[in-house]
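# Reading the structure
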Amino acid sequence: MVNYLYNYFLSEKVKERSEKIIIYVAITSFLLHLVLIGLADLNVLSISDHSKLLSNPISAIYTPFSFILIYEVYLLLYYLPKSTSIYIGKQYEIISLIVIRRIFKDLSNLEFSTNWFSIKSDILFTFDLVAILLMFYLIYIFYRGIKSGSLIETEIIKPDLIKFISLKKTIATLLVPVFLALSVYSLGHWLYESFFSVTKIVTDIKDINKVFFDDFFTILILVDVLLLLFSFLHSDKFNSVIRNSGFIISTILIKLSFNTEGIVNIVLIILAIVFGVIILTIHNLYESAEK
């Protein structure tokens, strides 16, 4: 039953099909968002004053990126049984896309002035631009570390890992309905809050990042700890234990970033990725020394 559900939700064919669907949905949502902005601009559509996502055409980019992020979460589940390192790398990709999406959203609210660095929103926008460059480079270093350490193939082909991989397939399959439920709930909440909210109370509800990603990363932390404990059944190598423990710390730092704002948010994200890169690099040094 687990294998059937795994192949039904997380097979290569399903991944390719999901990719095409999410692209069409992203394009459609982008065009629909532009139409809503046009209707609002012509006063055909009456909207709440709190709805900032209908004030500028540039903000329409925010919507397709939200669907792309959902697909990235699906890829995270897809790679969970295949490679722990790529699974962590997908977490870094997700948080990077969240920052990019925030940049697109803030573009429509920039205040152009000669006193750029005296305006808080403009300063945070600048920090986000610098942060995404650092994140992009750090993720490149991380994936290069995976390739140099040959971690992808070794995690799949070792006979003693078969049971552990089966466990990861089971967990990934069980996470699919959780992912779908959170996606539907957060999407409905976001649509209502962004386009139909009429009171200040509604705008104070947690944003889509906290509604979905905060909760989802909490689940990932629990899953990571569970996998770490089960990993002792087939390997007690010191460097592997430290690597997996370090990845959990990295995930926790990402999770904490959802409850912060401004510079603290950026620092936590960068620190999480830097920590993961260093952990992986040291692990690879251990592996090389043992050959």
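Shown above is the structure to which this text applies.
Model, not experiment: these values are computed from the prediction.

## Regarding the overall build of the protein chain
If you tally the helices and strands in the protein chain, you get 11 helices and 0 strands. Listing each helix as α and each strand as β along the protein chain from the N terminus yields α-α-α-α-α-α-α-α-α-α-α. Within the protein chain, the proportion of its 291 residues that are buried is 47%. Sequence-distant contacts, at least 24 apart, represent 76% of the contacts inside the protein chain between residues at least 6 apart. Entry remark: accessible area of the protein chain is about 15400 Å², with carbon and sulfur atoms responsible for 70%.

## Let's talk about the environment of Ile252
Looking at where Ile252 falls in the secondary structure, it is placed in helix α10 (residues 238-257). You can call Ile252 partly exposed: its relative accessible area is 32%. Residues Ile252 and Thr218, 34 residues apart in the sequence, show an inter-C-alpha distance of 7.9 Å.

## Describing helix α3 (residues 62-79)
In a regular helix each residue adds 1.5 Å, so 18 residues correspond to 26 Å; α3 covers 26 Å between its end C-alpha atoms and thus fits that length. Within α3, 15 of the 18 residues are buried, which leaves it mostly tucked inside the rest of the structure.

Calculation notes
Residues numbered from 1 in each chain as written. Predicted model: local features only at pLDDT ≥ 70, side-chain atom pairs only at ≥ 80, totals over all residues. Heavy atoms only, no water. Helix = DSSP H or I, 4+ residues; strand = E, 2+ residues; numbered from the N terminus. Buried < 20%, exposed > 50% of the residue type's maximum accessible area, 1.4 Å probe, protein only. Contact = heavy atoms within 4.5 Å. Areas by Shrake-Rupley, 256 points an atom, 1.4 Å probe, with all protein chains shown as cover. Expected span 1.5 Å × (residues − 1).

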